[in-house]
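Remarks on the overall topology
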Amino acid sequence: MNFLEERILKDGIVKEGNVLKVDSFLNHQMDIDLINEMGREWKRRFADKNINKILTIEASGIGIACIVAQHFGVPVVFAKKSKSINIAGDVYVAEVESFTHKNTNQVIVSKSFLNEEDHVLLIDDFLANGCALQGLISIVHEAGATVEGIGIAVEKGFQTGGKIIRNLGYDLESLAIVDGMNAETGEVYFRKQD
């Protein structure tokens, strides 16, 4: 069992509807030491990749991506869920359905921050059905950039997202893969990883 799985067992809360709350340490209140360890681990796993940019989606991925970026020494770009007056010029757009929020957003990235010279590591907190990742991947492709890898904190292995992304040929590294949860007992079952 790895450090993130141990923390999920200690402080995660299983709710009805296949919801795993990790908001006390990952995506509301953030344990920076834990996220720093996650960054070190992704740097180890993607050590052979030529990464010059990290891309995530607002909001929960931003803090994690910023800490991870320190390990790679590269900037972070995040896809915004709404266009604002301070995004000037052309943008890349993708439609993304949220498992957590049960809605669809158009996410945007300014063309100023992503281009064909970029080798991108995608980072996010959760992977369920893979819609957010597919949106980010489409933005990277539209920019002519390269997806070098994908780092996910918690993958819900019992949902389709991980399988879809891996079947598309992407190097997906999830630090914890949950294969099942029991809301009555609070138990979480992890997939064994190398």
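For the structure, see preceding data.
Numbering of residues begins from 1 in every chain and follows the order in which that chain's sequence is written. Per-residue local features of the predicted model are confined to residues with pLDDT of at least 70, and side-chain atom pairs are confined, for both listing and counting, to 80 or more; whole-chain, interface and lining totals are unaffected and use all residues. To get the side-chain values, take all heavy atoms of the structure and skip hydrogens and water.

Helix axes are fitted only over the stretch in contact, all axes being lines through C-alpha atoms; the angle between N-to-C directions runs from 0 to 180 degrees. In this text, helices come from DSSP runs of H or I with a minimum length of four residues, and strands from runs of E with a minimum of two, each type numbered from the N-terminal end. Running from amino to carboxyl end, helix 2 (residues 32-45) crosses helix 3 (residues 60-72) at an angle of 50°, the nearest separation of the two axes being 8 Å. On the basis of the axis angle, helix 2 is oblique to helix 3. As helix 2 packs across helix 3, the resulting crossing turns out to be right-handed. Touching Ile32, Ile35, Asn36, Met38, Gly39, Arg40, Trp42 and Lys43 of helix 2 are Ile64, Ile67, Val68, His71 and Phe72, all from helix 3. Tallied by class, the residues present in the contact of helix 2 with helix 3 amount to eight nonpolar, three polar and two charged. When describing relative orientation, an angle under 35 degrees is termed roughly parallel and one over 145 degrees roughly antiparallel, while 65 to 115 degrees is termed roughly perpendicular and anything else oblique. In this scheme the crossing of two helices becomes right-handed for a clockwise turn of the near helix relative to the far one and left-handed for an anticlockwise turn of less than a right angle. Contact between two residues is taken to exist if any of their heavy atoms lie within 4.5 Å; hydrogens are not considered. Any residue outside Ala, Val, Leu, Ile, Met, Phe, Trp, Tyr, Cys, Pro, Asp, Glu, Lys and Arg is labelled polar, Gly included; the first ten of those are nonpolar and the last four are charged.

Bringing the sheet that holds strand 8 (residues 146-156) into the picture now. What links the strands of a sheet is backbone hydrogen bonding, and the strands pair in either a parallel or an antiparallel sense. One requirement defines pairing of two strands: DSSP has to find at least two bridges between them. Strand order across the open sheet formed by six strands is 4-3-7-8-9-10, with mixed pairing between neighbours. Strands at the two margins of the open sheet, each flanked by one partner only, are strand 4 (76-79) and strand 10 (187-190). In this sheet, adjacent strand axes meet at a mean angle of 25° when their direction is disregarded. Contacting strand 7 (119-127), strand 8 and strand 9 (172-182), helix 2 runs over the sheet at an angle of about 125° to strand 9. Running at roughly 170° to strand 3 (residues 53-57), helix 3 makes contact with strand 3, strand 4 and strand 7 of the sheet.

So, about the side chain of Glu5. The topology assignment puts Glu5 in helix 1 (residues 3-11). Within the buried core, Glu5 has no salt-bridge partner, and the shortest N-O distance to an opposite charge, that of Arg45, equals 7.8 Å. Beyond its immediate chain neighbours, meaning those up to four positions away, Glu5 contacts Leu175, Ala176, Phe190, Arg191 and Gln193. Using a 1.4 Å probe on the protein chains alone, a residue whose accessible area is under 20% of its type maximum counts as buried, one over 50% counts as exposed, and one in between counts as partly exposed. We count Lys and Arg on the positive side and Asp and Glu on the negative side, and we leave His and both chain ends out. Think of a salt bridge as a Lys or Arg side-chain nitrogen and an Asp or Glu carboxyl oxygen that are within 4 Å of each other.

This brings us to the pattern of salt bridges. Considering all chains together, one arrives at eleven salt bridges under this definition. Linking Glu41 and Arg44 is a salt bridge whose minimum nitrogen-to-oxygen distance equals 2.5 Å. Highlighted residues: Glu41 and Arg44, both in helix 2, separated by three residues, approximately one helical turn. By relative accessible area, which is 55% here, Arg44 ends up exposed. Within this structure, Arg7, Lys10, Asp11 and Asp31 form a network of salt bridges that share partners.

With that settled, the discussion passes to the packing of helix 1 against helix 2. In the contact formed by helix 1 and helix 2, the axes pass within 10 Å of each other and the chain directions differ by 150°. On the basis of their axis angle, the class for helix 1 and helix 2 is roughly antiparallel. Of the residues in helix 2, those touching helix 1 at Phe3, Leu4 and Arg7 are Leu34, Glu37, Met38 and Glu41. When its residues are assigned to classes, the contact of helix 1 with helix 2 shows four nonpolar, no polar and three charged.

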